[in-house]
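Understanding the architecture of this molecule
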Amino acid sequence: MEEVLDNLNQILKRIEQACEKSARRADEVKLLMATKTVSPERIKIALRAGQTLIGENRVQEVKEKYEDLKDTPHELHFIGHLQTNKIRDILRYGVSCIQSLDRRELAEKLHHRLTLEKKKMNVFIQVNTSGEESKFGVHPDEAIALVQQVCQLDTLRIRGLMTIGLFSAETEKVRQCFRLLKTIQAQIQALCLPNVRVDDLSMGMSGDLEVAIEEGATIVRVGTAIFGRREYPDSFYWNERRG
Ligand SMILES: *Cc1c(COP(=O)(O)O)cnc(C)c1O
């Protein structure tokens, strides 16, 4: 318990310092706690300490934790690869934003289901800025076309862009990923599309949040640095071959 709170305080301090360094206000950057594999008990420790935003990668985990978390106020974003056969579930268990919308087929199926249920959903477009095959996300060259398609579906409200930076110790290469997302944001904003706001940039994790904040992140997604190392490697969640 102590450990989660100590870690959390350190992360908040890192965010604050990074904001200071890039002359941004600390309240311009939100912390999303990436809670895959973390038990509801440990999630609640962080929520009770004042955190409000969590992100899950798998619909199964969203479902399993729903009952335990529903009485502790929070906001839940989906940040993992979403299979179209899981759409009904994701609408049922309190997800308020899907940050990982990365293809037209998914958008259309979401729209179909949302229309039937008379609901709306906030979405971010996930862009693969690192070029790594093991990561999901629309190709940067196709991001604008996807936004143009999605904005015609009136149940989906585009609110931002999301990316996972390159895993590399070379900061400058990581920075290029975040910079690319920022560039795409500016291109989308210049189009002034109806029903589209891309104010939010969700980028930066435990290892690279400072760089992401310097490049304009408004949401950083942090797991390991708060809750400790996971039992599964990230490839378990991120590898295309797992589908
Ligand atoms: C797990 C995960 C994170 C957090 O990664 P850490 O390195 O544990 O901070 C961020 N974004 C996504 C999409 C994730 O799956």
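Keep in mind the model is a prediction, meaning the values are calculated, not measured.

Take the site of the ligand next. Near the ligand you find 13 residues, and of these Lys36, Asn57, Ser206, Thr224 and Arg230 are the closest. Between serine 206 and the ligand, the recorded distance is 2.5 Å, taken from a side-chain N or O atom to an oxygen atom. Residue glycine 223 places a main-chain N or O atom 2.9 Å away from an oxygen atom belonging to the ligand. For the ligand, whose free accessible area comes to 390 Å², the fraction covered by protein is 96%. When atom positions are compared with the pocket grids, the ligand is found to occupy the largest pocket. Its residues assigned to classes, the shell around the ligand shows six nonpolar, four polar and three charged.

Our focus in this paragraph is the side chain of glutamate 56. Within the element layout of this structure, glutamate 56 appears in strand β2 (residues 53-56). Overall, glutamate 56 belongs to the buried group, its relative accessible area being 2%. One polar contact links glutamate 56 to threonine 35, side chain to side chain, over a distance of 2.8 Å. Side-chain polar atoms of glutamate 56 contact the side chain of lysine 65, separated by 2.8 Å. For glutamate 56, the residues in contact, after removing those within four places along its chain, are Thr35, Lys36, Ile43, Glu61, Val62, Lys65, Leu76, His77, Phe78, Ile79 and Gly80.

Let's shift gears to the pairing of β2. Residues of β2 alternate between two faces, with Leu53 and Gly55 on one and Ile54 and Glu56 on the opposite face, all of them buried. In this structure, strand β1 (residues 30-34) lies alongside β2, joined through two bridges in parallel fashion. Following the sheet pairing, methionine 33 is matched in β2 by isoleucine 54. In this region the chain leaves β1, passes through helix α2 (residues 40-48) and returns to the parallel neighbour β2; the handedness of that crossover is right-handed. Bridging between β2 and strand β3 (residues 75-78) involves four bridges; their strand directions are parallel. Bridge pairing links leucine 53 to glutamate 75 in β3.

The subject of this paragraph is empty space enclosed by the protein. A probe as big as a water molecule, rolled over the atoms, marks out the empty space that is left. Considering all chains together, one arrives at one cavity of 30 Å³ or more under this definition. Lining of the largest cavity is provided by Asn57, Ile79, Gly80, His81, Ser100, Gln126, Phe136, Met162, Ile164, Tyr237 and Trp238. Tallied by class, the residues present in the lining of the largest cavity amount to six nonpolar, five polar and no charged.

All right, on to the environment of threonine 84 then. Relative to the helices and strands, threonine 84 resides in the loop between β3 and α4 (87-92). On the basis of relative accessible area, threonine 84 is assigned to the partly exposed category, the value being 26%. Put simply, threonine 84 and glutamate 105 are 21 residues apart on the chain and 8.2 Å apart in space, counted from C-alpha to C-alpha. Those residues in contact with threonine 84 that sit more than four places away from it in its chain are Arg103, Glu105, Leu106 and Lys109.

A full pass over the atoms with the stated rule returns one aromatic pair. When the centroid spacing of 5.3 Å and the interplanar angle of 75 degrees are considered together, the rings of tyrosine 66 and tyrosine 93 count as edge-to-face. Remark: tyrosine 93 occurs in the loop between α4 and β4 (95-101) and tyrosine 66 occurs in helix α3 (residues 59-69); sequence separation between them is 27 residues. Judged by relative accessible area, which is 29%, tyrosine 66 ranks as partly exposed.

Taken as a whole and judged by the stated rule, the model has 24 salt bridges. Glutamate 210 serves as the salt-bridge partner of arginine 14, at 2.7 Å between the closest nitrogen and oxygen. Of this pair, arginine 14 sits in helix α1 (residues 2-21) while glutamate 210 sits in helix α8 (residues 209-214), and the two are 196 residues apart along the sequence. The partly exposed category is assigned to glutamate 210, whose relative accessible area is 25%. Linking glutamate 67 and lysine 70 is a salt bridge whose minimum nitrogen-to-oxygen distance equals 3.2 Å. One continuous salt-bridge network, built from bridges that share partners, spans Lys21, Glu172, Arg175, Arg179, Glu214 and Glu215.

What counts and how
Residues numbered from 1 in each chain as written. Predicted model: local features only at pLDDT ≥ 70, side-chain atom pairs only at ≥ 80, totals over all residues. Heavy atoms only, no water. Near = heavy atom within 4 Å. Polar contact = N/O pair within 3.5 Å; in protein donor to acceptor, adjacent residues only side chain to side chain. Areas by Shrake-Rupley, 256 points an atom, 1.4 Å probe, with all protein chains shown as cover. 1 Å grid on protein atoms, 1.4 Å probe; cavity = no way out; pocket = protein on both sides within 12 Å on 5 of 7 lines; lining within 4 Å. Sits in = over half its atoms within 2 Å of the grid points. Nonpolar A, V, L, I, M, F, W, Y, C, P; charged D, E, K, R; others polar. Helix = DSSP H or I, 4+ residues; strand = E, 2+ residues; numbered from the N terminus. Buried < 20%, exposed > 50% of the residue type's maximum accessible area, 1.4 Å probe, protein only. Contact = heavy atoms within 4.5 Å. Pairing = 2+ DSSP bridges. Right-handed = clockwise from strand over helix to strand, strands pointing away. Points joined across faces, edges and corners; volume = space filled by probe spheres on them. Phe/Tyr/Trp six-rings, centres within 6.5 Å; stacked < 30°, edge-to-face > 60°. Salt bridge = Lys/Arg side-chain N within 4 Å of Asp/Glu carboxyl O.

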